[in-house]
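# An overview of the molecular structure
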Amino acid sequence: MSLPYQGKLIPRAKELRREMTPQERHLWYDFLRTYPIRFQRQKTIDSFIVDFYCSSAKLIIELDGSQHYSEQGLAYDEERSAVLGKYNLTVLRFTNTEIDKQFQAVCDKIHCAVQIKLKKSAAKG
């Protein structure tokens, strides 16, 4: 099933791929790019651009910098997660600090989440 998206966001998504944060770059090049289950970077879904998306596991990975912890940022993230949840997508959030200081633990959590989602999908199948 193809997810809806706004075509006008594609140029911005391409720009964000070129201008990844250091933490996004680290997660992409040192884990997700070669992960055996395909992930996409800066994927447009509905009216949003998500950091990383795995379609087979219906999993979104978001890396949160300090702007996400303001009252406005928290409210926006909550609304965004609710909209994405309507498509049966799971959003995993990690702080930039977690990427910087606990990289292997983040990778382990992502791997476990992918495996759980794939097993659930296979059981339904």
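Structure first, text after, so check above.
One structure accompanies this document, and this report is about it. Residue indices begin from 1 for each chain and proceed along its sequence in written order. Local features in this predicted model are restricted to residues whose pLDDT is 70 or higher, and side-chain atom pairs enter the listing and the counts only when it is 80 or higher, whereas totals over whole chains, interfaces and linings include all residues. For the side-chain quantities, the full set of heavy atoms in the structure was used; hydrogens and water were omitted.

### Considerations on the layout of surface pockets
A water-sized probe rolled over the atoms picks out the places where empty space is left. Cavities and pockets were defined on a 1 Å grid built from protein atoms only: a cavity is a group of points that admits a 1.4 Å probe but offers it no way out, a pocket is an open group of points flanked by protein on both sides within 12 Å along at least five of seven lines, and a lining residue is one with an atom within 4 Å of any such point. Grid points are joined across faces, edges and corners, and a volume is the space filled by probe spheres set on the points. As a volume, the second largest pocket reaches approximately 150 Å³. The wall of the second largest pocket is formed by Ser55, Ser56, Ala57, Lys58, Asn88, Lys117, Lys120, Ser121 and Lys124. Three categories are distinguished: nonpolar for Ala, Val, Leu, Ile, Met, Phe, Trp, Tyr, Cys and Pro, charged for Asp, Glu, Lys and Arg, and polar for the others, with Gly belonging to the last. Each residue belonging to the lining of the second largest pocket can be placed in one class, and the counts come to one nonpolar, four polar and four charged.

### Focus: unusual backbone geometry
Positive phi values are uncommon outside glycine, yet Gln42 reaches one of about 45°. Put simply, DSSP marks the helices as runs of H or I at least four residues long and the strands as runs of E at least two long, and each gets a number from the N terminus on. Secondary-structure assignment places Gln42 in strand E1 (residues 40–45). Here Gln42 falls in the buried class, since its relative accessible area comes to 2%. Positive phi outside glycine occurs at Asn88, with the angle close to 65°. If you trace the backbone, Asn88 turns up in the loop between helix H3 (71–85) and strand E4 (90–95). Three labels apply to residues, based on accessible area from a 1.4 Å probe with only protein chains included: buried if under 20% of the type maximum, exposed if over 50%, partly exposed otherwise in between. Overall, Asn88 belongs to the partly exposed group, its relative accessible area being 43%.

### Details of the pairing of strand E3 (residues 59–64)
Regular strands show a simple pattern: their side chains alternate between the two faces of the sheet. Across the six residues of E3, six count as buried, placing the element largely inside the fold. Neither face of E3 is open: one carries Leu59, Ile61 and Leu63, the other Ile60, Glu62 and Asp64, and all of them are buried. Strand pairing requires that DSSP identify at least two bridges connecting the strands. Of the strand pairs in this sheet, strand E2 (residues 48–54) and E3 are connected by three bridges, and their pairing is antiparallel. If you follow Cys54 over to E3, its bridge partner there is Leu59. Where E3 lies against E4, six bridges are found, and the strand directions are parallel. Within E4, the position partnered with Leu59 by the bridge is Thr90.

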